[in-house]
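Now for the letters of each chain:
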Amino acid sequence: MTLQDSKSSPAPSLDDAILKVLADAGSGTLSAPEIAHALAPDGDWHGLLMPIRRSAVALALAGRLVIYRKGKPADPSDFRGVYRLGLPRHD
């Protein structure tokens with residue numbers, strides 16, 4: 001999926017695009033580069049890394065996704081280094 005799959009419909013927001021990529025991935029987690037590749041498979045995905053991080057923080061604060069660091073949920077307001085994103089678990 002790219003941010004602009006169709007010329008006739010407006011592009012989804014980055015938040016919606018991230019959530020769709022995570023939903024398509026199933027119950028696992030994805031890194032920011034993996035999400036960026038999914039959103040811009042033939043383009044410059046590096047430019048998406050910071051916007052994905054900002055969007056992930058906002059989504060995590062809203063309870064719509066979880067930011068993981070070393071396999072454990074991280075505080076969205078205070079995390080550093082390598083992280084992964086996943087949908088909240090409902091078990």
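As a reminder, the structure under discussion sits directly above these lines.
Computed from a predicted structure; not experimentally measured.

**Student:** Would you mind going over the sheet that holds strand S1 (residues 30-31) with me for this structure?
**Tutor:** Strand pairing in a sheet is mediated by backbone hydrogen bonds. Such pairs are either parallel or antiparallel. Read across the sheet, 4 strands follow the order S1-S4-S2-S3 without closing on themselves; strand pairing throughout is antiparallel. The sheet terminates laterally at S1 and strand S3 (72-73), the two strands that pair on one side only. As defined by bridge partners, strand S2 (residues 66-69) adjoins strand S4 (residues 84-86) across 3 bridges and the pair is classed as antiparallel. What sits directly across from Ile-67, in S4, is Leu-85.

**Student:** Explain the nonpolar core here, please?
**Tutor:** Nonpolar side chains in soluble globular proteins tend to end up buried together. Membership of the largest hydrophobic core comes to 24 residues, with the highest contact counts inside it found for Ile-35, Ile-52, Leu-65, Ile-67 and Leu-85. Of all elements in the fold, only helix H1 (14-25), helix H2 (32-39) and helix H3 (49-61) reach the threshold of two or more residues within this core. With near-sequence residues (within four places) excluded, Ile-52 lies in contact with Leu-14, Ile-18, Ala-32, Ile-35, Ala-36, Leu-39 and Leu-85.

**Student:** Would you mind showing me how to read the side chain of Ser-31 here?
**Tutor:** Within the secondary structure, Ser-31 is located in strand S1. In this structure Ser-31 touches Tyr-83 and Arg-84, once residues within four positions along its chain are discounted.

About the criteria used
- Residues numbered from 1 in each chain as written.
- Predicted model: local features only at pLDDT ≥ 70, side-chain atom pairs only at ≥ 80, totals over all residues.
- Heavy atoms only, no water.
- Pairing = 2+ DSSP bridges.
- Helix = DSSP H or I, 4+ residues; strand = E, 2+ residues; numbered from the N terminus.
- Core = buried A, V, L, I, M, F, W, Y, C linked by side-chain atoms within 4.5 Å.
- Buried < 20%, exposed > 50% of the residue type's maximum accessible area, 1.4 Å probe, protein only.
- Contact = heavy atoms within 4.5 Å.

In short, geometric facts, not functional conclusions.
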